[in-house]
Amino acid sequence: MSLEFHDLFSLKAMNTLGFDAVAERFVQIQSPGEVEELHAELKRSGDPLLLIGGGSNLVLAAQIPGIVAQLTIRGCEIETMDQDLVRVTLGGGENWHATVSSLLDQGIYGLENLALIPGNVGAAPVQNIGAYGVEVKDRIEAVEVYDWQEERVYWLDNQACEFGYRDSRFKREGGRYLILRVSFLLSRTPATVTTYAPLNTELSPNEQKDPRAVYRTVCRTRRDKLPDPEQIGNAGSFFKNPVVSQADYERLKAAYPGLVAYPDRAGFKLAAGWLIDHCGWKGRQMGNVGVHDRQALVLVNLGGGDRGQLERLAGAIQADVRETYGVELEPEPKFYP
Ligand SMILES: Cc1cc2nc3c(=O)[nH]c(=O)nc-3n(C[C@H](O)[C@H](O)[C@H](O)COP(=O)(O)OP(=O)(O)OC[C@H]3O[C@@H](n4cnc5c(N)ncnc54)[C@H](O)[C@@H]3O)c2cc1C
């Protein structure tokens, strides 16, 4: 067996919340062949498995039983389909933001709104990452998986991935698939999406057509608004924006005229950050964790925080929002175990 397992491996530097978490065993997977080896070892040991990418959407307990495996499969194949259309197939272990930047530098467009989202390519389809009016599902052609049930590698096309808002079959059927590679359909002709502020408010009409201007504005805005996990531990937006019916939206809007909401396929998507902020949580601390002082949707580790403390803080916020607005907040990151 070529896999190299590390016992009692610290994941502190591998989760952006910066929690002290120790994996019973840790291994890196560099090829589909090694996935099969890992599968054999899982069957032999009966260990549970956690797949980890950049650890930017995970809330880890102090002790992680079984095996934690990180996919490090690299690679970027670019195939020209016609004058405009480009198929880009990326290894799941590639860093997301570095890939977005590199493609832009090569004049390949379509991912610029998703710049600076932390993590790896392999995790991007799991919660269908999205920002500034674009979701990764809008650009994914297919996802190559290892299916632990069927014990084989195959491609799922976009529809078979059953993408939803911060959701996919990979999330719902957690544990069935390991994502090896992702193929994207991108373009050499700019076709920017600038429906969201500040892209439609800060950029001139000409700049709005320029993917590089969109990229720069997204990066600058994210740096201004979101705390850098290198400076202060966090997992990005901690709660999904709740979707409510038209009737509930109208009831809330009448009671709270300042409510921030966007029309959505199923009704209205409420800005969770607004709800939390208006319950007075921005900047508040509970033990060693707290709510960021500039962005109420981001919960932070102030140093020495742990999962228990974060769960208590998140629970208190959920209870407050439920009592005030009658709205349920659902956490976005995965709690493990
Ligand atoms: C500062 C900050 C800003 C963020 N902004 C955004 C944003 O704008 N939009 C957004 O959508 N998200 C955002 N996120 C969340 C996060 O960056 C994304 O969800 C990202 O895709 C997670 O990637 P990761 O590699 O870190 O995954 P991890 O956190 O390591 O894992 C996330 C999930 O994916 C699973 N997984 C990981 N790799 C694989 C694989 N190869 N195959 C199958 N399953 C796998 C894990 O088991 C886990 O369930 C933000 C996070 C931070 C810290």
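Just above, that's the structure.
Please read all numbers here as calculations on a predicted model, not as lab measurements.

**Q** Can you help me understand the sheet that holds strand β14 (residues 243-244) in this one?
**A** The strands making up a sheet associate through hydrogen bonds between their backbones, and the pairing can be parallel or antiparallel. Spatially, three strands are ordered β14-β16-β15 in an open sheet, and the strand pairing comes out antiparallel. In this open sheet, the two strands that pair with only one neighbour each are β14 and β15 (261-264). The sheet contact formed by β15 and strand β16 (residues 267-270) spans four bridges and is antiparallel. Within the sheet, the bridge partner assigned to P263 lies in β16 and is F268. Sheet strands in contact with helix α7 (residues 246-255) are β14, β15 and β16, and its direction is about 50° off that of β16.

**Q** Explain the packing of aromatic side chains to me, please; I cannot follow it from the model alone.
**A** The geometry of an aromatic ring pair is captured by two quantities: the separation of the ring centres and the angle between the planes. Considering all chains together, one arrives at ten aromatic pairs under this definition. Residues Y196 and Y262 carry aromatic rings whose centres are separated by 5.9 Å and whose planes lie at 25° to one another, so their mutual orientation is stacked. Of the two residues, Y196 sits in the loop between β12 (177-187) and α4 (199-202) while Y262 sits in strand β15, which places them 66 residues apart along the sequence. Judged by its relative accessible area of 38%, Y262 falls in the partly exposed class. Judged by centre distance (6.2 Å) and plane angle (55°), the rings of W274 and Y325 are tilted. Of the two residues, W274 is situated in helix α8 (residues 272-277) and Y325 in helix α9 (residues 307-325); the sequence distance between them amounts to 51 residues. By relative accessible area, which is 14% here, W274 ends up buried. Counting every residue linked through ring pairs, the aromatic cluster contains F238, F239 and F335. One cation-aromatic arrangement involves R25 over F5; the distance from NZ or CZ to the ring centre is 4.5 Å. Sitting above the plane of the W281 ring, R284 keeps its charged end 3.9 Å from the centroid.

Parameters and conventions
Each chain carries its own residue numbering, running from 1 in the written order of its sequence. Reporting of local features is limited, given that this is a predicted model, to residues whose pLDDT is at least 70; pairs of side-chain atoms are given and counted only at 80 or more, and all residues count toward the totals for whole chains, interfaces and linings. Derived side-chain values reflect all non-hydrogen atoms in the structure, with water molecules and hydrogen atoms excluded from consideration. If DSSP finds at least two bridges between two strands, the strands pair. Numbering goes from the N terminus for both helices and strands, where a helix is a DSSP run of H or I of at least four residues and a strand is a run of E of at least two. Whether two residues are in contact is decided by their heavy atoms: any pair within 4.5 Å suffices. Fitted lines through C-alpha atoms give the axes, limited to the stretch in contact for helices. The angle between two N-to-C directions lies from 0 to 180 degrees. Each Phe, Tyr or Trp ring, with Trp reduced to its six-membered ring, pairs with another whose centre is within 6.5 Å; inter-plane angles below 30 degrees give stacked pairs, above 60 give edge-to-face pairs, and intermediate values give tilted ones. For the exposure calls, accessible area comes from a 1.4 Å probe over protein chains only, and a residue counts as buried if that area is under 20% of its type's maximum, exposed if over 50%, partly exposed in between. Placement of a positive charge over a ring is assigned whenever Lys NZ or Arg CZ falls within 6 Å of the ring centre and within 35 degrees of the normal to the ring plane.

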